[in-house]
Amino acid sequence: MAKLWGGRFELESSALLDVFNASITFDQKLWRYDILGSKTHARMLGRIGVLDSSEVALIESGLEKIASEIEQGSFRFSLEQEDIHMAIESALIEHIGDVGKKLHTARSRNDQVALDCRMYVLDHAVLIANKLLTLIQALLAIARKHTHTLMPGMTHLQHAQPINLGFHLVAWCESLRRDVERLESLHKRNNLMPLGSGALAGTPYNNDREWVSKQLGFAAPTRNAMDSVSDRDFALDLLYALAMLGMHISRIAEELVLWSSAEFGFLRLSDAYSTGSSIMPQKKNPDVPELLRGKSGRLYGNLVRLLVVMKSLPLAYNKDTQEDKEAIFDSVESALISLEILQAVCESASFDKKAMLKACKAGHLSATDLADFLVRECGVPFREAHHITGRIVAYAESQGCDLSELSGSELARELSKLAPKLESTFAKSAIDKKLSLLASMQARTSLGGTASKPTSTQITSLNAWVKKMRKALPKLKIEAKVENE
């Protein structure tokens, strides 16, 4: 099969080159964007007098026929066509004859692929952002039910202070919120239209790039033709955002693995999202969160992969950049399924309040409250209060109980030994009530704190932000259908 670019070649390209050079096996995912860009380009050629109205109409009808064939699965992709651009152009010429050969006027595959790939990235950034918003809403709905459910908050994976489960889930949502904001930001930064840049230096046809840009929903055309065809920052922005998302999902998944273990027992994963062992019939494995944890490696790898490809490339276009698409597609598809299944896992899990409360009674979680009591109500300098509290914790351990389980009389007696001058203060105070786990959690009423009221405020605020963000996110370039073919 003769290549559309093969006029100056005397020999046919080898079969090995066809395999090595082709991207059609994976870049066919871009077909909707290629057809949309080609339709718009044809109309623009009509506007500037390169095509007459009948030619524009013929090209559009030919492209619509090709789109229908691809939709129905009857379109034949082959290695000889190299890429999605050549595949569609070859089919167009076959369908409508010589008029189809005029479509490539005033454009190059360099700016064509830059357009298609950019539109794919921008649309899928919006799609993933919307799925993130759905996940955040689902987590907030769970959090709303658990603003009074005590659990141990941890640092260094050691019991630290009592918090409520809702507060912990809101912390997950805050990290996911930043992921949404990164995706919105990359869309705004990269919403520039490269078509009409030609191979690298623009075209002599006076393309109406502003009109094309507006038709395709871009903010403006790109500003420099050479940069336009060689830039893949938009792809790297997406891969970075998804690598960050993968990191956040991995951290959430790790906690799901820990919480579902016998050692924690904070939650039970649904059978629908768990697996068993081939040899140990009693096992119920958290394979879904483990795979979610592992997906971060793919997302990191795809980012580094494209960074390495782009490193030291001279301007303008180089064939190396063909290696961008598989990384983009893989990261997008990994992110989409990860978000969907993470939401399903969380919504179907059941939390064990008794196990979480029991865990709160290990580690003296209200120790900081005792130090705060000594500072606020007894005027003890914090460092001294810290030392006194440490001695009381040691006493509780000698009694085989948690600090929160000491009686008021015990606390007053032991504190009086350490600070005799304050004996009357200790005797009059109901210090044991201040050191209860619930009181400790509810005492943290500062902005962003774990008490039930500020936690509820955080949930309400985040829900309002989700609704606002849904309206603020840009429209898709292809409104009807964006999917993983």
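Residues numbered from 1 in each chain as written. Predicted model: local features only at pLDDT ≥ 70, side-chain atom pairs only at ≥ 80, totals over all residues. Heavy atoms only, no water.

Looking at an unreviewed UniProt entry, one finds the chain named Argininosuccinate lyase, with Helicobacter canis NCTC 12740 as its source organism. Here the chain is described in UniProt, under the heading Sequence similarities (unreviewed entry), as follows: "Belongs to the lyase 1 family. Argininosuccinate lyase subfamily." Taken verbatim from the UniProt record of the chain, the Pathway (unreviewed entry) comment is "Amino-acid biosynthesis; L-arginine biosynthesis; L-arginine from L-ornithine and carbamoyl phosphate: step 3/3." (UniProt positions renumbered as here; feature names shortened; annotations may be inferred.)

Caption draft 1: Quick peek at the nonpolar core. Residues I59, I128, L183, L238, L242, L245 and I328 are the most contacted members of the largest nonpolar core, which totals 106 residues. The biggest single contributor to this core is helix α6 (residues 109-144), with 17 residues. Summarising the domain contributions, this core has at least three residues from each of domain 1 (15-102) and domain 2 (109-147 + 157-355 + 472-479). Among all residues touching L183, those that are not within four sequence positions of it are A125, I128, A129, L132, L238, A241 and L242. Listed in part, the 24 residues of the second largest apolar core include A371, A396, L406 and L435. (Core = buried A, V, L, I, M, F, W, Y, C linked by side-chain atoms within 4.5 Å. Buried < 20%, exposed > 50% of the residue type's maximum accessible area, 1.4 Å probe, protein only. Helix = DSSP H or I, 4+ residues; strand = E, 2+ residues; numbered from the N terminus. Domains from an automatic or database assignment. Contact = heavy atoms within 4.5 Å.)

Caption draft 2: Looking closely at the side chain of H364. Structurally, H364 is set in the loop between α13 (353-360) and α14 (367-378). For H364, a relative accessible area of 10% puts it in the buried group. Among the polar contacts listed, one links the side chain of H364 to the side chain of E397, at a separation of 3.3 Å. (Polar contact = N/O pair within 3.5 Å; in protein donor to acceptor, adjacent residues only side chain to side chain.)

Caption draft 3: Fine view of the pattern of salt bridges. This structure, assessed with the given rule, holds 25 salt bridges. Measuring nitrogen to oxygen at the nearest pair gives 2.9 Å for the salt bridge that ties R118 to D231. Residue R118 is located in helix α6, and its partner D231 is located in the loop between α9 (225-230) and α10 (233-259); the two are separated by 113 residues in the primary sequence. On the basis of relative accessibility, which here comes to 4%, the residue R118 falls in the buried class. For the salt bridge of D324 with K325, the shortest nitrogen-to-oxygen distance reads 3.0 Å. For the residue pair D324 and K325, the accessibility class agrees, reading buried in each case. Via salt bridges that share partners, E82, D83 and R109 belong to a single interconnected network. (Salt bridge = Lys/Arg side-chain N within 4 Å of Asp/Glu carboxyl O.)

Caption draft 4: Structural view of the domain arrangement of the chain. Assigned domains within the chain: domain 1 (15-102), domain 2 (109-147 + 157-355 + 472-479) and domain 3 (366-443). Computed from C-alpha atoms alone, the centre-to-centre distance between domain 2 and domain 3 is 47 Å. When domain 2 packs against domain 3, close to 370 Å² is buried across both sides, 59% of that on carbon and sulfur atoms. Three residues stand out in domain 2 for area buried against domain 3, namely Q161, P162 and N164, and they jointly supply 81% of the buried area on that side. At the surface where domain 2 touches domain 3, the tally comes to zero salt bridges. Summed over the shared surface of domain 2 and domain 3, the number is one residue pair in polar contact (both at pLDDT 80 or more). (Buried area = accessible area lost by both parts, 1.4 Å probe.)

Caption draft 5: A look at the pairing of strand β2 (residues 158-164). As paired strands, strand β1 (residues 150-155) and β2 are joined by six bridges and run antiparallel to one another. Looking at β2, one finds that M154 is bridged to H159. Counting the residues that bridge the hairpin from β1 to β2 gives two residues, and of these H156 lies at a positive phi of roughly 60°. (Pairing = 2+ DSSP bridges.)

Caption draft 6: Geometry of a nonpolar patch on the surface. The grouping of L200, M226 and L315 at the surface amounts to a nonpolar patch, some 270 Å² of accessible area in total. With respect to the element layout, M226 can be found in helix α9. Accessibility expressed as a relative area gives 32% for M226, which makes it partly exposed. (Patch = residues over 30% accessible without salt bridge, like charges linked within 9 Å, V, L, I, M, F, W, Y side chains within 5 Å. Areas by Shrake-Rupley, 256 points an atom, 1.4 Å probe, with all protein chains shown as cover.)

Caption draft 7: Looking closely at α10. With 27 residues, α10 extends 39 Å between its outermost C-alpha atoms, agreeing within 8% with the 39 Å of an ideal straight helix rising 1.5 Å per residue. Among the 27 residues that make up α10, 19 are buried, leaving the element largely enclosed by the rest of the structure. (Expected span 1.5 Å × (residues − 1).)

Caption draft 8: Molecular detail of the packing of aromatic side chains. According to the stated counting rule, one finds six aromatic pairs in the structure shown. Consider the rings of Y33 and Y120, whose centres lie 6.2 Å apart with planes at 80°: the pair is edge-to-face. Pair noted here: Y33 is in helix α3 (residues 31-47) and Y120 is in helix α6, with a separation of 87 residues, a long-range link. Among the aromatic residues, those joined into a cluster by ring pairs are W172, W259, F264 and F266. Positioned above the aromatic ring of F329 is the side chain of K29, whose terminal nitrogen or guanidinium carbon lies 6.0 Å from the ring centre. A cation over a ring is seen here: K477 above F218, with NZ or CZ 3.9 Å from the ring centre. (Phe/Tyr/Trp six-rings, centres within 6.5 Å; stacked < 30°, edge-to-face > 60°. Lys NZ or Arg CZ within 6 Å of the ring centre and 35° of its normal.)

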